[in-house]
Structures are given as C-alpha cells and as structure tokens.
Amino acid sequence: LMTRRSPPDVMGLETELGVQHIDGLHDIKDEILKTSLLKEGFFEPTGEFELKINYWLPNGGRIYRDMKMWEICTPETRTIRDFLIWQRAMERIIVRAVRDHPEILIYKNNVDAKTSWGSHMNYTTTLSLSQRIDLVLPAVLEKLITGSGNLRTYGQYDISQRAKVTTKVHPELVASINPEGPIDTSQENKRFLIDGRDERTDNHREYLFHHTSNDSNMLDNAEWLKVGFMRNMIALAENGCLPKIEYNPREAIEDLRHLTTIEDIQEDPLLTQNRWHIRSMPPGERSALNLLKKYNDRARSELSGKDAETDFTIELTDYVITSLQRFGQDPNQLYGVLDWVTKRHLLAGKMKNESLLPNNEEIRSVNLEYHCLNSGSLFQDLKSMGGIEIVPTEAEVRNAIMNPPTNTRAYARGNVAKQEMSKFGSNLSDIDWNTIVLHTGKTIRLPDPRNNYADILSEILLRTR
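We now turn to the structure provided with this report. It should be emphasised that the depicted structure is a prediction, and the values quoted were computed from it without experimental measurement.

1. Some details on the overall build of the chain
- What the chain contains, in helices and strands, is 15 helices and 14 strands.
- In terms of principal-axis extent, the alpha carbons of the chain reach across some 65 × 55 × 45 Å.
- Among the 465 residues that make up the chain, the fraction classed as buried is 58%.
- Of the contacts formed within the chain by residues at least 6 apart in sequence, a portion of 71% connects residues at least 24 apart.
- For the chain, the accessible surface area stands at approximately 19,000 Å², while carbon and sulfur atoms represent 48% of it.

Pasting the structure below:
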C-alpha cells in the first residue's frame, strides 16, 4: 500500500436527523417534508432500485430517507473548513425546506429508543479494515472532546450519546462475523466503534473509512475536532507513527462506558475529572487526558507544517486537553467549544437556579432542544447571544447552498443536478456518488473523488439534457 504523511484530503459527513411534528402527528411529518423538498426542485432519481425518498442537490450533496430516518450528506470536500461550510449549508437547506411549516422541527439527534442515530464521518485512507484496529484507543479517547452530551431522567450525564449505543469494537474481534460472506453493512454496522466495512473507493487505491461512532455536533469547534483529530490519527497510522501504547481493544466498550459517564450532572467537577481514565490499563498509565496528549504530541512531531488546518487541529486539541485538565477548577472554560460542556452548563445551571429535577419537563425540553436546527431554537439563540465561535461566514454558507466544491467530483455531480432544476428536459435517470446514469442506460463514471471533471463537464451536461 502507498503511504503518505499528510492527513486524508477527501472527507464527507452523513448526519441522521430527527423530524418531529409538534403535535406528535407522525403520519404526516414525513409527507410534509417530502412535499417541501419537492417544491425546491431537487433531482429525484427514477431508477428501479432507488430509495422512495432521495434527492440530489445542486451543491453536490444529498438528502434522503432510509430505515425511517432522514439524513443529510455533504458533498466530498478536501479541507476541514470546506467540510464545515457545506455541512452548515446542508443544515440550512433542510430547515429552509420547512420554513412554511413551523410545526415541523428538525433535530441533529444521536440516539432514540428504536435505533442509533448519529454522525458518520467518511475519510479516504490507505488503511485496510484490519489495520484500523490501531485506532480503537484513539476512538475511545476522542469521545471526551467530541461528545454532544445527554442528560438521563435519573440524573446521569453522558458525555457522548453514541458511546452508549456502541456495542461492538471491531469486526475482527467478533468471533462469528458473517463467516460465509461479506461483513454486514446494515444498520447493525453502526454499533461498531471502528467501521465494520472494508470498502474500496472507486479508484481502487484507497479504502473508505466510514467512522460511524461519532456524535452529531452543534458547535463549529466541536465539529472541527471530530473531523480533525481522527484525521490526524489516520495519518499517523498510515505512516506507522502512532505511539506504542499497550492496550487490549477487547476492553474498549467497558472503557468507553466508564469514560463518558458522569453519575450526577451536578456532582463536583473535580470528582468527574478524577474518573477520566481507561480502567483496563495499569494505574500509572490510565489517565485519559495524558493518553490524549501523547497522541496529540505525536501528531505535533510528525504532522506539524503539513498544512494550516492540521496545525490548527493540533493546537485546538492541545487547548482542549489543557482545559479539561483544569475542569475541576473551571468546568465552563470550554463553553462554546465542546458541545457536552456547553450543554452541561445550560442544564446544570437551569436545574440549580430553578430547583428542578432531571425528569422535569422543562429540563427534558432543553436536553432535546439544544440539538434543534430550526430558526429561533435554543441553539440558534445561543449563537446570536455571542460566546460561540462561528467558523464559516454567512456568505460562504449561502454560496454552498446552491454551489458545489470546485475541487472534488461533487463539482460535476452538483452541476448536473443544478441543470436538472432548470427544467429544460432531461436524459437523466440516476445520480450516485460516483456515477451519472442516462435514460439510455449509459453510465458516466466519476471514479476519482479529487477530480472535478471540469474538462468534460460541458459534454456531461449536453448528454444529460
């Protein structure tokens, strides 16, 4: 396999959503959203095997409904900043679609009683599935900096929502993982801490790392860390530079549960901090923050200077680790930086100031509304009040609503979808991440995610019109 020292340069995010009718009318909320998206004029494939609700957007992204859940998917991007821009644009698009329906609320939820929701980050990597087992410990540790927070009715506070529904570590640690065929890629795959698929990209030189155990984040800095920290760990692993830390990955699920559990949301922050350790490791080596620092220090020594975003990720991670080390003295230093800290501050403050219990209806409302995307929601109000850093500019997000990135194959895909919206008539049957299919059955392939195919775009547009 080829190796490279630079972090992955193609990435994208799938975010599963909760769509709620304020009157609990579950039978009509999906139809309302579908009708609203149809009015936007987005392209719907007509292929026989397509999902019943599936839209391709002029910015190269996708909105679809699968397994009773709505999902937004960013186009492929090559920088973390671009990822954030198009992620915020996708959120804006789904909310804008229901602007005439204030009774429809859209949430970036992570878990519910029936299934696992969350945020699935995709990276191109040279690491095969078996090699990704080295990422198990970093994947456990990262939940301290990427968790979105959740308050249970009996007072326990989960730093990471996804950690609580992760039940498997890695396919090679599961004794009987579909021995007579390929690894299961269905909903059950989302229970893995490390991706359960060994999937080649279309150029056959790389794999797709579909990292399914992420929380959905609201804050830009938290979203940046979710992408950037694992991006750096992948680069270290590709080059054989991860720190040599003795760790038994079979203990990862129990370690994950312990690390991300605060027994009582209002307990002394110093007690919480003192329990941030990997229980399965020897006492002198188990500090989660020390382990995080060891990984980040290695990223600094091996990856610094590769690009400005990698350097910023290293500095931001270092700042967060240092702040968490001071959590007992200043639990709110990371307000506006980490979602779980910000959400904990809001909930604990309201409970204390108004003498409310965790199962109080107002507290449950705040616990959920923090993740609401609609205009006028709790989080949108927090942003307008200041104290929360906003990375993409308003102009960048507005541009990304209708336009794709110019440096990935999303450029070709988005422009084809944009032409479809013009209603000139179409020879187009289907769009996928790597193909465009004509009604004649002819397939135009876009195998290289780093190619914008600008040199053949005019021909593609002519053939699909």
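2. Here we look at the packing of aromatic side chains
- Inspection of every chain in the model, using the stated rule, returns 7 aromatic pairs.
- Ring geometry for Trp 56 against Trp 433: centres 4.9 Å apart, planes inclined by 80 degrees, an arrangement best described as edge-to-face. One end of the pair, Trp 56, is in strand E2 (residues 53–56); the other, Trp 433, is in the loop between strand E12 (428–431) and strand E13 (435–438), with 377 residues separating them in the sequence.
- Chaining the aromatic ring pairs together yields one cluster made of Trp 276, Phe 327 and Trp 340.
- Lying over the aromatic face of Tyr 64, Arg 62 brings its terminal NZ or CZ to 4.0 Å of the ring centre.

3. Examining the environment of Ala 454
- Structurally, Ala 454 is set in the loop between strand E14 (443–445) and helix H15 (457–464).
- The class for Ala 454 is partly exposed, based on a relative accessible area of 42%.
- Along the chain, Ala 454 and Cys 372 lie 82 residues apart, while their C-alpha atoms are 37 Å from each other.

4. A word on helix H1 (residues 26–40)
- Over its 15 residues, H1 extends 23 Å from the first C-alpha to the last, a length consistent with the 21 Å expected when each residue adds 1.5 Å.
- Among the residues trailing H1, Gly 41 stands out with phi positive, at a value near 85 degrees.

5. So, the sheet that holds strand E7 (residues 150–151)
- The sheet built from 3 strands is open, its strands ordered E7-E8-E11 with antiparallel pairing. Looking along the sheet, the strands with just one partner apiece sit at the ends: E7 and strand E11 (261–262).
- With 2 bridges connecting them, E7 and strand E8 (residues 157–158) associate as antiparallel partners. Along E8, the bridge assignment pairs Asn 150 with Asp 158.

6. Some words on the pattern of salt bridges
- Applying the stated rule across the entire model yields 29 salt bridges.
- Note that Asp 9 and Arg 450 form a salt bridge whose closest N and O atoms lie 2.9 Å from each other. Highlighted residues: Asp 9 in the segment before strand E1 (11–21) and Arg 450 in the loop between E14 and H15, separated in sequence by 441 residues.
- With its nearest N and O atoms 2.9 Å apart, the salt bridge here joins Asp 30 to Arg 65. One end of the pair, Asp 30, is in helix H1; the other, Arg 65, is in strand E3 (residues 62–66), with 35 residues separating them in the sequence.
- For Arg 65, a relative accessible area of 25% translates into the label partly exposed.
- Counted as one network, the salt bridges with shared partners bring together Arg 88, Glu 91, Lys 108, Asp 220, Glu 223 and Lys 226.

What counts as what
- Residues numbered from 1 in each chain as written.
- Predicted model: local features only at pLDDT ≥ 70, side-chain atom pairs only at ≥ 80, totals over all residues.
- Heavy atoms only, no water.
- Helix = DSSP H or I, 4+ residues; strand = E, 2+ residues; numbered from the N terminus.
- Buried < 20%, exposed > 50% of the residue type's maximum accessible area, 1.4 Å probe, protein only.
- Contact = heavy atoms within 4.5 Å.
- Areas by Shrake-Rupley, 256 points an atom, 1.4 Å probe, with all protein chains shown as cover.
- Phe/Tyr/Trp six-rings, centres within 6.5 Å; stacked < 30°, edge-to-face > 60°.
- Lys NZ or Arg CZ within 6 Å of the ring centre and 35° of its normal.
- Expected span 1.5 Å × (residues − 1).
- Pairing = 2+ DSSP bridges.
- Salt bridge = Lys/Arg side-chain N within 4 Å of Asp/Glu carboxyl O.

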